[in-house]
Amino acid sequence: MRLTKLEHAALVLEDSGDRLFIDPGKFTTPITEAHGALAVVITHEHDDHWTPGQLDRILEHSPDVRILGPAGVAAAAAGYPVETVTAGDSREIGPFRLRFFGGRHAVIHPSIPVIDNLGVLVNDALYYGGDAFSAPEGVAIEVLAAPAAAPWMKLSEAMDYVERVAPRRAFPTHEMLLSRAGKDLSNARLAWAAQQAGAEYLALEPGDTIDF
């Protein structure tokens, strides 16, 4: 299975020509290469994680693609065929086994409502938590998508998260709000945390790939 990091929170996984997209939002370059897409996972309703335009482009190339997300996504994306999933659910879609965890977005500020958010574990190997630090318990994570910056987190929390999950490899996500200097700083801190956990840190940039 090959993972390609796209801009911000978006990822695409490929296996034998089949594709799975995760969180294609407004800070991600318009997706125009979406043939063979079997599923789109949207962790929550914020538009840096999905937009109608991104879904329309994926559907244009793969009209039978399945779209999965929590109830908040189904409500926000009314008119799209969103399959509602909750924490504890699992789905088998082609070569991709999806398991969902968490349930709630991290608190941004008391004035901002807390919304639905689900992390997704793909093939018991890749874990991406969306906008929360939830993670599956008792699972040896091969690859962790670690948030680099967001209004809902401190970098120290992301460092603790990497140490707690202790994956074999970790890479940054949710980083398009950072300058180049900010990305370098975040990468250095997350790499330190990965080292403490015995993990390899991969400072992936948009377009970079890893196989696992």
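See the structure printed just above.
Residues numbered from 1 in each chain as written. Predicted model: local features only at pLDDT ≥ 70, side-chain atom pairs only at ≥ 80, totals over all residues. Heavy atoms only, no water.

1. A short note on the sheet that holds strand E6 (residues 82–84)
Reasoning step 1: Read from one edge of the open sheet, seven strands run E6-E5-E4-E3-E2-E1-E14, paired in mixed fashion. Each edge of the open sheet carries a strand with a single partner, namely E6 and strand E14 (209–211). Direction aside, neighbouring strands of the sheet carry axes that sit 20 degrees apart on average.
Reasoning step 2: Bridging between strand E1 (residues 2–5) and strand E2 (residues 11–15) involves four bridges; their strand directions are antiparallel. Across the sheet, Lys5 pairs through a bridge with Leu11, a residue of E2.
Reasoning step 3: Where helix H1 (residues 52–61) meets the sheet, its contacts fall on strand E3 (18–22), strand E4 (37–41) and strand E5 (66–69), and the angle it forms with E4 comes to roughly 165 degrees. (Pairing = 2+ DSSP bridges. Helix = DSSP H or I, 4+ residues; strand = E, 2+ residues; numbered from the N terminus. Axes fitted to C-alpha atoms, helices over the stretch in contact; angles between N-to-C directions. Contact = heavy atoms within 4.5 Å.)

2. Comments concerning the environment of Val12
Reasoning step 1: Mapped onto the elements of the fold, Val12 is located in strand E2.
Reasoning step 2: Val12 sits in the buried class, given a relative accessible area of 7%.
Reasoning step 3: For Val12 and Leu126, which are 114 residues apart along the polypeptide, the C-alpha to C-alpha distance reads 12 Å. (Buried < 20%, exposed > 50% of the residue type's maximum accessible area, 1.4 Å probe, protein only.)

3. Concerning empty space enclosed by the protein
Reasoning step 1: One pass over the full model with this rule turns up two cavities of 30 Å³ or more.
Reasoning step 2: For the largest cavity, the calculated volume is near 50 Å³.
Reasoning step 3: In terms of lining, the largest cavity is formed by Ala148, Pro172, Glu175, Leu178, Lys183, Ser186, Asn187, Leu204 and Glu205.
Reasoning step 4: For the lining of the largest cavity, the element with the most residues is helix H4 (residues 180–196), which contributes three residues.
Reasoning step 5: Residue composition of the lining of the largest cavity, grouped by class: four nonpolar, two polar and three charged.
Reasoning step 6: Contributing to the lining of the second largest cavity are Val41, Ile42, Thr43, Leu68, Gly69, Pro70, Val85, Phe100, Leu118 and Val120.
Reasoning step 7: For the lining of the second largest cavity, a count of residues per class yields eight nonpolar, two polar and no charged. (1 Å grid on protein atoms, 1.4 Å probe; cavity = no way out; pocket = protein on both sides within 12 Å on 5 of 7 lines; lining within 4 Å. Points joined across faces, edges and corners; volume = space filled by probe spheres on them. Nonpolar A, V, L, I, M, F, W, Y, C, P; charged D, E, K, R; others polar.)

4. Let's talk about the packing of aromatic side chains
Reasoning step 1: Going through the model one piece at a time under the given rule, you end up with four aromatic pairs.
Reasoning step 2: Ring centres of Trp50 and Tyr80 lie 6.3 Å apart, and the angle between their planes is 80 degrees; this geometry places the pair in the edge-to-face category. Separated by 30 residues along the polypeptide, Trp50 in the loop between E4 and H1 and Tyr80 in the loop between helix H2 (71–76) and E6 bring together distant segments of the chain.
Reasoning step 3: What links up through ring pairs into an aromatic cluster is the set Phe133, Trp152 and Tyr161. (Phe/Tyr/Trp six-rings, centres within 6.5 Å; stacked < 30°, edge-to-face > 60°.)

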